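Notes for the structure review
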Amino acid sequence: AERGKMTAFLAYSIMLAAFVYPVVVHSIWSPQGFLSAHNPTPLWGSGMVDFAGGSVVHLTGGMTALIATKILGPRTGRFHDLRGKILKEPNVFPGHSLALQ
């Protein structure tokens, strides 16, 4: 979170809440959803039952975090310089949390 800009975070949150989450919710909670156990022909012949919504929330959050991490890429300046060349000694980054220092 400390590497991103607030506007990018807001755009990410709006896109997630408006477009991604409803598709995942429908595919699992709706009887017509391709991941639902109540669908007569679920994906790969086996549907899933989501108890209390935990699977939908964690599936969506985990997959979007994985995709966002791939898009952001590795942190520059710690192990590599700005041109991508490996540093002989890793740079020390100062702590980011006053409470944990």
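Now for a description of the structure that goes with this document. (Residues numbered from 1 in each chain as written. Predicted model: local features only at pLDDT ≥ 70, side-chain atom pairs only at ≥ 80, totals over all residues. Heavy atoms only, no water.)

This part is about the overall build of the protein. In terms of helices and strands, the protein carries 2 helices and 0 strands. Within the protein, contacts between residues at least 6 apart in sequence are counted, and of these 32% link residues at least 24 apart. Summed over its atoms, the accessible surface of the protein is roughly 8400 Å², and 70% of this surface lies on carbon and sulfur atoms. (Helix = DSSP H or I, 4+ residues; strand = E, 2+ residues; numbered from the N terminus. Contact = heavy atoms within 4.5 Å. Areas by Shrake-Rupley, 256 points an atom, 1.4 Å probe, with all protein chains shown as cover.)

This part covers the packing of helix α1 (residues 6-29) against helix α2 (residues 54-72). At a closest axis distance of 10 Å, the pairing of α1 and α2 adopts a crossing angle of 135 degrees. In terms of orientation, α1 lies oblique with respect to α2. The chirality of how α1 crosses α2 is right-handed. Along the contact surface, α1 presents Y12, L16, V20, Y21, V24, V25, I28 and W29, while α2 presents V56, V57, L59, T60, T64, A65 and A68. Among the residues forming the contact of α1 with α2, the class breakdown is 13 nonpolar, 2 polar and no charged. (Axes fitted to C-alpha atoms, helices over the stretch in contact; angles between N-to-C directions. Parallel < 35°, antiparallel > 145°, perpendicular 65-115°, else oblique. Left-handed = near helix turned anticlockwise from the far one by under 90°. Nonpolar A, V, L, I, M, F, W, Y, C, P; charged D, E, K, R; others polar.)

Below, the discussion takes up α1. Between its terminal C-alpha atoms α1 stretches 32 Å, which fits the 34 Å expected from 24 residues at 1.5 Å a residue. Within the span of α1, buried status applies to V24, V25, S27 and I28. (Expected span 1.5 Å × (residues − 1). Buried < 20%, exposed > 50% of the residue type's maximum accessible area, 1.4 Å probe, protein only.)

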